[in-house]
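Notes for the structure review
Below, each chain spelled out in residue letters.
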Amino acid sequence: MSEFAGEVRRRAQGRCEYCHLPQSAFRRPFHIEHIVAPQHGGLSRPDNLALACWNCNLKKGPNLSGIDPQTDRITALFNPRKEEWNDHFSLEIGAPLQQGIAIQGLTPLDELRFRYLV
C-alpha cells in the first residue's frame, strides 16, 4: 500500500476524501485507507485507496454500509471513487460550531451517510 501513498495523496489534493477537510488542519497525518476493506475482498491498489483523516477512517472502519434509522434499510456509505463529494455534501468554514466547520448532507440520505463517517 505504501507504494501508492504518493499517488493517493496527490489525487486527494491534501484533503480527507470523506469530510474534505485539509491535512493542514490536523496534527495527526492522514491515513491511506481501503475503501472496500481487504476482509470484504478489497485490494491494495489506487482505485480502492483513499486519503482519510483519522476521525473518518476510525468511524468508517471496514464498513461499506449502515442502517437508515428512519427506514431500517441498508444504505451504502459514500464512496469517493464512485461519487462526487460536492453532489452529496457541503462544507462551511466559519460555521457556528465548536471548530467553526459544518459539513452537511445535501439530502436526508446524504446526511445519514455522513453521520456514519464523522
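What counts, and at which threshold
- Residues numbered from 1 in each chain as written.
- Predicted model: local features only at pLDDT ≥ 70, side-chain atom pairs only at ≥ 80, totals over all residues.
- Heavy atoms only, no water.
- 1 Å grid on protein atoms, 1.4 Å probe; cavity = no way out; pocket = protein on both sides within 12 Å on 5 of 7 lines; lining within 4 Å.
- Points joined across faces, edges and corners; volume = space filled by probe spheres on them.
- Nonpolar A, V, L, I, M, F, W, Y, C, P; charged D, E, K, R; others polar.
- Salt bridge = Lys/Arg side-chain N within 4 Å of Asp/Glu carboxyl O.
- Helix = DSSP H or I, 4+ residues; strand = E, 2+ residues; numbered from the N terminus.
- Buried < 20%, exposed > 50% of the residue type's maximum accessible area, 1.4 Å probe, protein only.

Quick look at the layout of surface pockets now. A water-sized probe, rolled over the atoms, reveals where empty space remains. Reported here for the second largest pocket is a volume of approximately 280 Å³. In this structure, the second largest pocket is lined by 15 residues; those nearest its centre are Glu17, His20, Pro80, Glu84 and Trp85. Taken together, the residues that form the lining of the second largest pocket break down as 5 nonpolar, 3 polar and 7 charged.

Applying the stated criterion across every chain yields a total of 3 salt bridges. Note that Arg81 and Glu17 form a salt bridge whose closest N and O atoms lie 2.7 Å from each other. With a gap of 64 residues between them, Arg81 in the loop between β4 (74–76) and β5 (89–93) and Glu17 in the loop between α1 (5–12) and β1 (31–34) connect regions that are remote in the sequence. Residue class for Arg81 comes out partly exposed when judged on its relative accessible area of 27%. You can call Glu17 buried: its relative accessible area is 9%.

By themselves these figures say nothing about function.
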